[in-house]
Amino acid sequence: MKSASLLFGLLLLLCVLVVQAEEPIAIKFSHVVAADTPKGKAAERFAQLAKEKTQGRVEVTVYPNSTLYKDKEEMEALQLGAVQMLAPSLAKFGPLGVKEFEVFDLPYIFDGYDQLHQVTEGPIGKELLGKLADKGVLGLAFWDNGFKVMSANKPLKDPKDFRGLKMRIQSSKVLDAQMRALGANPQVMAFSEVYQALQTGVVDGTENPPSNLYTQKMFEVQKFVTNSEHGYLGYAVIVNKAFWDGLPADIREALDEAMAEATVYANEIAKQENIDALAKVKASGKSEIIELTPEQKTEWKKRLAPVHQQMEDRVGKDLIQSIYQATGSDISKL
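Heads up: these notes are all about the structure in this document. Keep in mind it's a predicted model, so treat the numbers as computed, not measured.

### Brief notes about the sheet that holds strand β10 (residues 232-240)
Reasoning step 1: Spatially, 5 strands are ordered β2-β1-β3-β10-β4 in an open sheet, and the strand pairing comes out mixed. Two strands lie at the open edges of the sheet, namely β2 (58-63) and β4 (137-147), each paired on one side alone.
Reasoning step 2: Where strand β1 (residues 25-30) meets strand β3 (residues 85-86), 2 bridges bridge the pair, whose relative direction is parallel. Looking at β3, one finds that S30 is bridged to L86.
Reasoning step 3: Set on the sheet, helix α11 (residues 249-284) makes contact with β1, β2, β3, β4 and β10; between it and β4 the angle comes to about 15 degrees.

### Looking at the pairing of strand β5 (residues 149-152)
Reasoning step 1: Burial along β5 is two-sided: the face carrying V149 and S151 and the face carrying M150 and A152 are both buried.
Reasoning step 2: With 3 bridges joining them, β5 and strand β8 (residues 205-208) adopt antiparallel strand pairing. Along β8, the bridge assignment pairs S151 with T206.
Reasoning step 3: Pairing geometry for β5 and strand β9 (residues 224-226), over 3 bridges, is antiparallel. Within β9, the residue paired with A152 across the bridge is F224.

### A look at the environment of F101
Reasoning step 1: By the element assignment, F101 lies in the loop between α4 (93-96) and α5 (113-120).
Reasoning step 2: Sequence spacing of F101 and A254 is 153 residues, and the spatial spacing of their C-alpha atoms is 27 Å.
Reasoning step 3: Dropping the residues within four chain positions of it, F101 is found in contact with L90, F93, L128, L129, L132 and F142.

About the cut-offs
- For every chain, the first residue of its written sequence is number 1, and the numbers climb from 1 along that sequence.
- Reporting of local features is limited, given that this is a predicted model, to residues whose pLDDT is at least 70; pairs of side-chain atoms are given and counted only at 80 or more, and all residues count toward the totals for whole chains, interfaces and linings.
- Each side-chain value is worked out from all heavy atoms of the structure, with water and hydrogens disregarded.
- Strands are treated as partners if at least two bridges between them are detected by DSSP.
- Only runs of H or I of at least four residues qualify as helices and only runs of E of at least two qualify as strands under DSSP, and these elements are numbered from the N terminus.
- When checking whether two residues touch, look at their non-hydrogen atoms; a contact exists if any pair is within 4.5 Å.
- Axis lines are fitted through C-alpha atoms, for helices just across the contact stretch, and the angle between N-to-C directions can take any value from 0 to 180 degrees.
- Burial classes: relative accessible area under 20% of the type maximum marks a residue as buried, over 50% as exposed, and values in between as partly exposed (1.4 Å probe, protein chains only).

See below:
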């Protein structure tokens with residue numbers, strides 16, 4: 001009788017272990033933008049590829065549009081293991097203590113995607129991602145969103161047009177210095193709160209890639225959009241390091257492959273989607289699109305160039321110089 005009970009117990013335990021072994025590894029992927037943005041679409045593509053490449057052993061659930069955590073909450077949630085994966089904008093790593101990532105916020109440090117990818121896809125980008133490990137975070141890839149436009153309820157053609165405006169920014173000392181160099185008053189605010197703040201006049205304007213401006217409907221409450229391309233907005237796809245290190249080696253390898261393919265997809269669609277989004281904003285008739293002349297853009301660059309030198313102590317003079325060397329671009333020489 002005892003032998004039968006023991007056998008039954010062992011069989012029951014075996015069944016439980018088999019069921020547990022068959023349950024997929026769950027990954028929560030949280031982000032703060034809409035599902036139909038380049039980042040939102042890339043996150044879904046990664047989830048699909050992860051499932052395919054692991055034969056269903058990994059199940060990635062994507063939570064867009066701050067449905068789990070807002071800007072200021074998500075990094076702590078990742079470090080605590082409440083979520084496993086994020087794709088925060090690069091400005092978020094300064095408050096985490098990795099100030100070097102704020103180099104991406106420097107105005108006009110990149111003149112287009114080719115120069116940008118010399119950094120994000122090269123040794124500089126790899127070195128930057130490696131700096132996150134001490135924070136319990138592992139950097140997997142850089143994803144583009146695009147180059148930013150300025151918006152407000154008055155035309156922004158000359159740097160003096162910013163004087164006295166309350167401009168929403170992400171939490172970044174570099175972006176703070178950028179707006180102050182233009183004569184504006186920077187206002188740090190969570191992304192999910194920006195539309196209402198623009199609508200009610202809490203802030204006068206903001207900066208965003210066109211895809212964010214369009215999908216968050218900010219253009220509905222901004223009369224003018226200046227296609228300045230003054231700064232870059234990108235993301236670092238990151239995971240909780242302890243979680244990642246605890247995965248079986250073959251799972252990590254498959255997820256690395258999925259991430260590599262998702263990154264190619266993300267960066268391919270980002271540029272076109274921003275072109276399309278700006279066209280849709282223009283077609284709406286709710287915002288007037290201002291295209292800067294070469295002379296006007298040069299004036300913007302001259303006004304913003306001192307920000308590079310101001311931020312040398314924060315993001316690293318050697319890092320800034322290495323990017324100048326990699327890209328062949330240095331606005332301080334204008």
